[in-house]
Structure formats: structure tokens, C-alpha cells
Amino acid sequence: MSAVVAGRQGLAARALGHPSFLVGAAISLVVAATALLSFVWTPHDPTVLDIGRKLQPLSAAHWLGTDQYGRDVLSMIMGGAVTSMAVSFVAVGIGLGLGVPLGLLAAGRRGPVGEAVMRANDFVFAFPALVMAIMLRDIFGPGALNAMVAIGIFNVPVFARLAYGAALPLWTREFVMAARVAGKGRGRITLEHILPNMLSLIIVQATIQLSLGVLAEAALSYVGLGVQPPAPSWGRMLNEAQTLMAIAPRLALVPGLAIVVTVMGLNLLGDGLRDLLDPRLARER
Amino acid sequence: MYRRLMQCLVRGAAAGAVSAGLLLGTPALAARTDIVLGIRLEPPHLDPTAGAAAAIAEVVYNNVFQGLTRIDRDGSVKPSLAERWDVSEDGKVYTFHLRQGVKFHDGTTFDAEDVKFSLDRARAADSVNPQKGLFEPIETVEVVDPQTVRITLKRPSGNLPFNLGWAAAVIVAPESAADNKTQPVGTGPFKLAEWVKGDHVTLVRNDDYWGEPVALEKATFKIIGDPTASFAALMAGDVDAFPLFPAPENVPQFEADPRFTVVVGNTQGKTVLAMNNGRKPFDDIRVRRAISHAVDRQALIEGAMHGYGKPIGSHFVPQDRGYVDLTGKYPFDPEKARALLKEAGAENLSVQLVLPPPDYARRGGEVLASQLRNVGISVEIVPMEWAQWLGEVFRNKNFDMTVVSHVEPLDLDIYARDDYYFGYRNPEYRALYERFVASTDENERLALLGTLQEKLADDAVNVWLFLLPKIGIWDARLEGLWENTPVPANDLTGVKWRE
């Protein structure tokens, strides 16, 4: 008991002393705050075209200038953060909601059921998000929903494998055996003992998948399978900026940087969380 | 180890010297005789008598396949497989005198039987010809002798020689017609060498060509769908010419570069915001007029085309005879648009705007959607691939609005077809069009062309946006490429490299 308390107290202290966690958390918070802010305020409406003001350089009115249709780039970046975050959060939600139970089921049951579940996962794992999005386009049509579902399905086997791998050794641990001896059923043991002991792993993986989701959303929008205009998207901004590289390179640089910084922030956050939450790594320090 | 390294270096240097010598030697020999052209869309197949896609004609027209007449770079009708023709007094009988000594690529001889076969096939009940309307006035096609064909019309049609110059009216041989989609056999100066799907189509010179020999020995049409890749391919010299360059924003860079010739010419591309007249709410003329008032053409051309493109106000191009300027018919007026929508009881309109892949459509659609939102119409953009667009919009007429460019010349007939995709059914217009077709008097024809344009604009069938520009960019040492596109084509007969 006292060891746990010491661990908790240590966690906050160690978090403050962990630079990559701090940087990652700060960046992620800024991106999230930007996305939330854009619901109530953006400098201009990112969906309104004003051709007369096209391709303006940086100015007090347009901090990051305007694009080829006269839209305010800063507002588009802010709106794009919402798209990015919404798509990757929903996709991670789908992955968690389906993948973790499947992995736990496979680990708890093993035998033919577990085998079937994991092989089905391997099959889904063979399709990258992009291929999935192309296949799903005929059902949903290109759009945010298509991107969410495609990336979400891509996430399912990731979480299923993680949960399966983490749960298997736990099933052989003494406290689980004790619970079995005490007469608890498989489902109850999974909920009460297995899941809580792998939560930190799942949180870390979810953070990493968020960053992959941001990348995947940008990639899908880049090829036109993601959110459709007028909803702003970093990937589409990049696509549209390609032929304008010689005239206005910032139109490609700004969304490119937004993607890089966001992905880097989420990755740092994930790495930091892994260091902080994994007891073995913590002990090694 | 050291010795081996030295050996490698010596060998490499020797090989380098040899290849450098070869490279330096080449230009002194002669001007190049090959060309690589960039095209945006891959043709679905290579038979212009079986598909409407402009990409087919852009490869084969007058290169592989030829008609009795041909349409030249200035839009005029020239003799091709027919040396000359006579018209009867009443304008109903055309006698075509065919060229002698013409052979198809497979060695068979071209004669009047081939002409009869091709025209009868095109106008047969089960014909898959994309332009059956062109042949509709034909009553009979008779073989007078191997070098003479007589075409009798149901009614006089002054358009016949022009219509027979279309890619859909090329002459094919009965022996090979069935396989023309993949193995085109024509009478032209080039024949198909290879077609690597998704990458390129290569034509080589036909040494048995009947006409003036062409300068090029080999022409490769390279399919490059992406504007950025098109830009890079030209800059790197991977393609010598892009007859229809897709990214207008890059034009200033090419203009500033002495290695390139940039020609901004005209096409026949009437770019329209098409509305489904057969479906609510577009069956209400007030709604269509409101949408016409909601569109700001200048902003659209500036935003989507970077200023390249002439505004048009009806389904007719400014460079053709008989043009009437109707661009002022529905001035940009959001207030009026809102008022008209209110009057029609269509204030909270919610519509889908389907966009095919070309950039003029995708970019133009984004600007148009924003302009329509500005008058309170909520617009959902639905991007589609060509095959899907042809199925859903063009054939099934399952759409609200779309943006597309009609590249066929003088195609006012499409508004007289009941089954055409935008669903305009107006007996008055059809009667006018029939009068135009039957008329052989030049002044009357021109006057009727004007009336037809005005009738369409008055009915606000579609919103006519702009004339698609033909931005041609090619190596400055090339000459003979078309500057304008009166018909979809890349006629290479006059193309050569300057020495």
C-alpha cells in the first residue's frame, strides 16, 4: 500500500522532471486549445472565399496571409485542427472500443475462438488506412465519416494485438490464479484484474495512434478522400498549395508545419507517458 | 583491394567517355524526330466511333483515324479522304470524290465501300456512336463507283461537311472495325505502336501514308493526371509538350523561361454549371435565374483559373461566327438572387454539387459553392471520378448540379435532345433548332444561331461560366502544334523540331 502511494506522489514529480513529456503535453494542449477556440472564434471565416484578396502576404489583418481563394490561412489552420483532432479521436475511439474487447476476449478464451479472433485481426491489419478508405468510399462517399471509419478500422487490430499480448502473461500471474481459485468467472477477472493492469499500456498506445490518426487524416484529405470543402483540412491545404510552391511557399509550409508539430507533440506525449506509467521503466531510472 | 578499385575507376571513366561522345555526337546529326506529349486523361479506348471521351480524339484524331473531311487548326473544314465534293441544287445530295491510293494500316485498300460501311454503321439502330445526331439527317449512302460516294439527305443540311470532319465520323474498315478499341486501324500518318495502360500510348510513323510525309517518326502520349507532376515533367524535360496544361497558376513561370513556348488559345470548351432541369427545384425558372444571378464569373475565373478564361453567357463560344454576347444577361446580384429564391418559395435550398476530376471543375466548384452559399443555398460538394460521373450524372441523370466543360464544337443540338442529362425539354427551342438545321441560307443560319443562344440564356437552362482556355506549353524548338482547339485533337501532321 505504501509503495503505491509513494509511486503516485512520485508520478507528479517525475512528470514535471520529464522534459519530453512536458513538451509533448504542452504542444498537445495548444493544438487542442486551438481546435476548441476555433469553435467560438477565428480571425476570419475559414470557409468564406474572397477572391479579391487572394494570395496576400502576412499582414496585421491576415497573420499568415491568404490562400489562392482569399481565405485566411490562420483561420484555416485553426479549423483544420478541429478536423484533425475530431477524425483521429473518433478513429482511436473505434479502435479502442472494438480492438481492446477483441484482444481481451482472445486472451481470455484462447483456443479456437482466440485463434480465430487474432487471425481475423491479422487479416484487417494487412490493409493500410489508405486502402481501407478507398474501399469504403463506395459506401460512405469521400468525407470525414469515411476517414474516421477507415482510420478507426485500421486501429482495431493495433489495440486488439496490444490487449492480447498484454493480457496473456497476466493470466498466468498469481493474483489472477487466486481470483480463479476464488471462483470468479473469466469475464469478471478480465474486468477487475486484467484490464486495470494494462490500462497504462493502452493509454500510451492511444496517444501514439492519435498522432498516426492526424497523419492518416492529412494523407486521406491530401488525396481527396477526407473531409470535403468547405471544411478546412491540413491535408487538402497541402494538396492545393503544391502548384503554388513557387509563388507562395508558405501555403504549403504552414499546414506542413502544423502536421509535423502536432504529430511530434503527440509522440513526445506518448513516449513520456510510457516512461512515467510503465513501472519497469520507472524502476530503471 | 586498391588495385581493384583503380580498375573500376578506369573502366568507369572509359565508359563515361564513350557515352559522353555519343551524347555530344547526337545533336549534330539531325533534328529530333520524336515527341513526348503530356495528356491529362487516359483514353478509355482508342475508337472515336464508340466513345465520347475527348481523350480518345486527343490521341487518334487525324493521327490514326481520318474522315472524309477534317477540321483544321482554325476550325475550317478541309478535304481529307475526300478530295472534293459537290452539292446538288436543292442542298440534299452530296457527292464525295475520294482520294486514290489510300491504304489502311493493315494494308487493305480504302474505297467507297469503306465509307458506306462506316456511315451506315454509325447511324444504325444499334450504333454505339457517341454523336449519332451528326448522321441523323442522312437518308442514304450509295456507292457510285470505288472512288465516289453519294449521300442523300432527308432535308438540306449545310453542316454536313463540317459534321463529317468530327472524330466520331472517321472512316474505318469492315475488316478491322470491331477491334479498333485496342488495335486501331485507320488511314492516318501514324499507327499504334504500343499502349501501356496508365502510362503512355505510343504512335509510330506510317510509311505508307497517302499524304505529305510527316516529320515525326514517333509520338508518345504520356498520361500525367496531376498538375504538380505535369509541371515537374515539363521542367525536367520528361515531356516536350503539354497541349492542355492543367495548372494556370504556373504559367508565369513558363513564360519567364526561354526554354518554353507558352500559347494561351481558345478551345470549344463551354464550361457550365449544369442544373438538372427535370428535377425540383431546378424545374422552376426563377430558381435557375436566381442561381444565374448568384454567380460572379469574374471572381470565379480569377479564383479557379487565375484569370485565364473568357466569360460566356450562353452555350456558344466567342470566336465562332454567329456569337451573341449574353454575359450581361444575369449580372452578379446576390440581392436579386435571394429575392427570386424567396419568390419561388425555395429559400432554404440544400443541393448537391457533383464535381468530375478536372481542376477547372474541382476548383471552380469550390468557388461556385461559396458563391451559392452567399445567397443562402447550402451546397454539398460531391467529387466523382469520370466513370462514376458518366454513369450517375450523364446517363442516370441522378444529380442536382455539376460543373463540366462541353468541348464539342457547335453543339447547340444537345439542348434539343429530350434525353440529355440536364433535362431541358422545350418544344420552342427544338422547333428553332430544326429550322436552323434545315436552313441553307448563311444569313438566316447566323440569325438563328443568335436566337438559339438568346432562347437558352432566357430560359437560364444552365449557368454558362467561361470558355476553357487552351494553355499550351511546349519546348521552344517545337513548331506546328495547334494553338487553339476547335475540336478535341492533337493533330501532329505539321509538327516538327527546328534544326
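Just so it is clear, the model here is predicted, and its values are computed rather than measured.

Thresholds applied
Residues numbered from 1 in each chain as written. Chains lettered and ligands numbered in written order. Predicted model: local features only at pLDDT ≥ 70, side-chain atom pairs only at ≥ 80, totals over all residues. Helix = DSSP H or I, 4+ residues; strand = E, 2+ residues; numbered from the N terminus. Rg over C-alpha atoms; globule rule 2.2 N^0.38 Å. Buried ≥ 20, exposed ≤ 12 C-beta atoms within 10 Å, placed from the backbone. Contact = placed C-beta atoms within 7 Å. Nonpolar A, V, L, I, M, F, W, Y, C, P; charged D, E, K, R; others polar. UniProt positions renumbered as here; feature names shortened; annotations may be inferred. Pairing = 2+ DSSP bridges. Axes fitted to C-alpha atoms, helices over the stretch in contact; angles between N-to-C directions. Domains from an automatic or database assignment. Core = buried A, V, L, I, M, F, W, Y, C linked by C-beta atoms within 7 Å. pLDDT = per-residue confidence, 0-100. Left-handed = near helix turned anticlockwise from the far one by under 90°.

**Description of the overall build of chain B**
Helix and strand counts for chain B stand at 13 helices and 19 strands. What you see for chain B is a C-alpha radius of gyration of 25 Å, in line with the 23 Å of a compact globule of 499 residues. C-alpha extents for chain B along the principal axes are approximately 90 × 65 × 35 Å. Among the 499 residues that make up chain B, the fraction classed as buried is 46%. Restricting the contact set of chain B to residue pairs at least 6 apart, pairs at least 24 apart contribute 70%.

**Let's talk about the interface of chain B and chain A**
Where interface size is given, it is often the accessible area lost as the parts come together that is meant. Contact with chain B, which involves 17 residues of that partner, is made by 16 residues of chain A. For the side of chain B that touches chain A, the elements supplying multiple residues, two or more each, are helix H5 (227-236), helix H8 (297-305), helix H10 (359-373) and strand E15 (378-383) of chain B. It is H10(B) that provides the largest number of residues to the side of chain B that touches chain A, a total of four residues. Within the side of chain B that touches chain A, the residues separate by chemical class into nine nonpolar, five polar and three charged.

**Topic: the UniProt feature "transmembrane region" (unreviewed entry) in chain A**
In the UniProt entry, the feature "transmembrane region" (unreviewed entry) is given for residues 21-41, 85-108, 120-137, 143-164, 194-227 and 247-270 of chain A. With 85% helix and 0% strand, residues 194-227 of chain A has end C-alpha atoms that lie 38 Å from one another.

**Here's the deal with the sheet that holds strand E6 (residues 138-145) of chain B**
Residues and elements named next belong to chain B. A sheet is described by the order of its strands in space; here four strands give the open sequence E4-E5-E7-E6, paired in antiparallel fashion. Of all the strands in the sheet, just strand E4 (82-87) and E6 have a single pairing partner and so form its edges. On average, adjacent strands in this sheet sit at an angle of 20 degrees to one another, irrespective of strand direction. Inspection of the sheet shows E6 paired to strand E7 (residues 148-153) by six bridges, in the antiparallel sense. Residue Glu142 lies in a different strand from E7, and its bridge partner there is Arg150. Here helix H3 (residues 112-123) sits on the sheet in contact with strand E5 (93-98), E6 and E7, set at roughly 165 degrees to E6.

**Remarks on the domain arrangement of chain B**
All names here are of chain B. Along its sequence, chain B is carved into domain 1 (68-173) and domain 2 (269-468). Spacing between the C-alpha centres of domain 1 and domain 2 amounts to 33 Å. In this complex, domain 1 contributes eight residues to the contact, which on the side of domain 2 involves six residues. Of the residues in the side of domain 1 that touches domain 2, the class split is two nonpolar, five polar and one charged.

**Observations regarding the UniProt feature "domain: ABC transmembrane type-1" (unreviewed entry) in chain A**
In the numbering used here, UniProt assigns the "domain: ABC transmembrane type-1" (unreviewed entry) feature to residues 81-270 of chain A. Summarising residues 81-270 of chain A: 83% helix, 0% strand, and an end-to-end C-alpha distance of 19 Å.

**A few points about the nonpolar core**
It is characteristic of soluble globular proteins that their nonpolar side chains tend to be buried jointly. Ranked by size, the top nonpolar core spans 73 residues in total, and within it Ile77(A), Ala147(A), Ala150(A), Ile151(A) and Ala163(A) carry the most contacts. When residues of this core are assigned to their parent elements, the largest contribution, 19 residues, is made by helix H3 (residues 73-109) of chain A. Once residues lying within four places of it in the same chain are set aside, the contact partners of Ala147(A) are Val87(A), Ala133(A), Glu217(A), Leu220(A), Leu225(A), Gly226(A) and Val227(A). Ile35(B), Leu134(B), Phe231(B) and Trp482(B) belong to the second-largest nonpolar core, a separate cluster that totals 71 residues.

**Quick word on the confidence of the model for chain B**
Chain-level pLDDT for chain B is 91 on average; 94% of the residues reach the 70-or-more range. Note that residues 12-28 of chain B has pLDDT below 50 and, in this model, zero contacts with residues that lie over four places away or in other chains.

**Quick notes on the pairing of strand E17 (residues 463-475) of chain B**
All names here are of chain B. Burial within E17 is extensive, with 13 of its 13 residues counted as buried. As judged from the two bridges shared by strand E11 (residues 241-242) and E17, these two strands associate in the antiparallel manner. The residue of E17 that forms the bridge with Ala241 is Trp474. By the bridge criterion, 11 bridges tie strand E12 (residues 260-275) to E17 in an arrangement that is antiparallel. Across the sheet, Val262 pairs through a bridge with Ile473, a residue of E17. Inspection of the sheet shows strand E13 (residues 310-311) paired to E17 by two bridges, in the antiparallel sense. Across the sheet, the residue bridging to Pro311 is Phe466, located in E17.

**Examining the environment of Val128(B)**
All names here are of chain B. The residue Val128 is located in the loop between H3 and E6 in this model. Taking the C-beta count within 10 Å as the criterion, Val128 has 12 such neighbours and is therefore assigned exposed. The spacing of Val128 and Gly51 is 77 residues in sequence and 7.7 Å in space, taken between C-alpha atoms.

**Observations regarding the pairing of strand E10 (residues 218-223) of chain B**
All names here are of chain B. In terms of strand pairing, strand E1 (residues 34-39) meets E10 through six bridges, oriented parallel. Pairing of Gly38 across the sheet is with Lys222, part of E10. Inspection of the sheet shows strand E9 (residues 200-205) paired to E10 by five bridges, in the antiparallel sense. Its bridge partner being in E10, Val201 is matched across the sheet by Phe221.

**Focus on the environment of Ala163(A)**
All names here are of chain A. Looking at the secondary structure, you find Ala163 in helix H6 (residues 144-171). Look at Ala163 and you get buried, because 27 C-beta atoms sit within 10 Å. Along the chain, Ala163 and Val30 lie 133 residues apart, while their C-alpha atoms are 30 Å from each other.

**Some words on the packing of H3(A) against helix H4 (residues 111-125) of chain A**
Residue and element names in this part refer to chain A. The geometry of H3 relative to H4 is characterised by a closest axis approach of 7 Å and an angle of 145 degrees between their N-to-C directions. Where H3 crosses over H4, the two elements pack in a sense that is left-handed. Residues Leu102, Leu105, Ala106, Ala107 and Arg109 of H3 form the contact with H4, whose own contacting residues are Gly111, Val113, Gly114, Val117, Met118 and Asn121. Among the residues forming the contact of H3 with H4, the class breakdown is seven nonpolar, three polar and one charged.

**Concerning the environment of Ala361(B)**
Residue and element names in this part refer to chain B. When you line up the elements, Ala361 lands in helix H10. For Ala361, a count of 24 C-beta atoms within 10 Å translates into the label buried. Once the C-alpha coordinates of Ala361 and Gly313 are considered, the two residues, 48 residues apart in sequence, prove to be 18 Å apart. Beyond its immediate chain neighbours, meaning those up to four positions away, Ala361 contacts Leu355, Pro356, Val403 and Val404.

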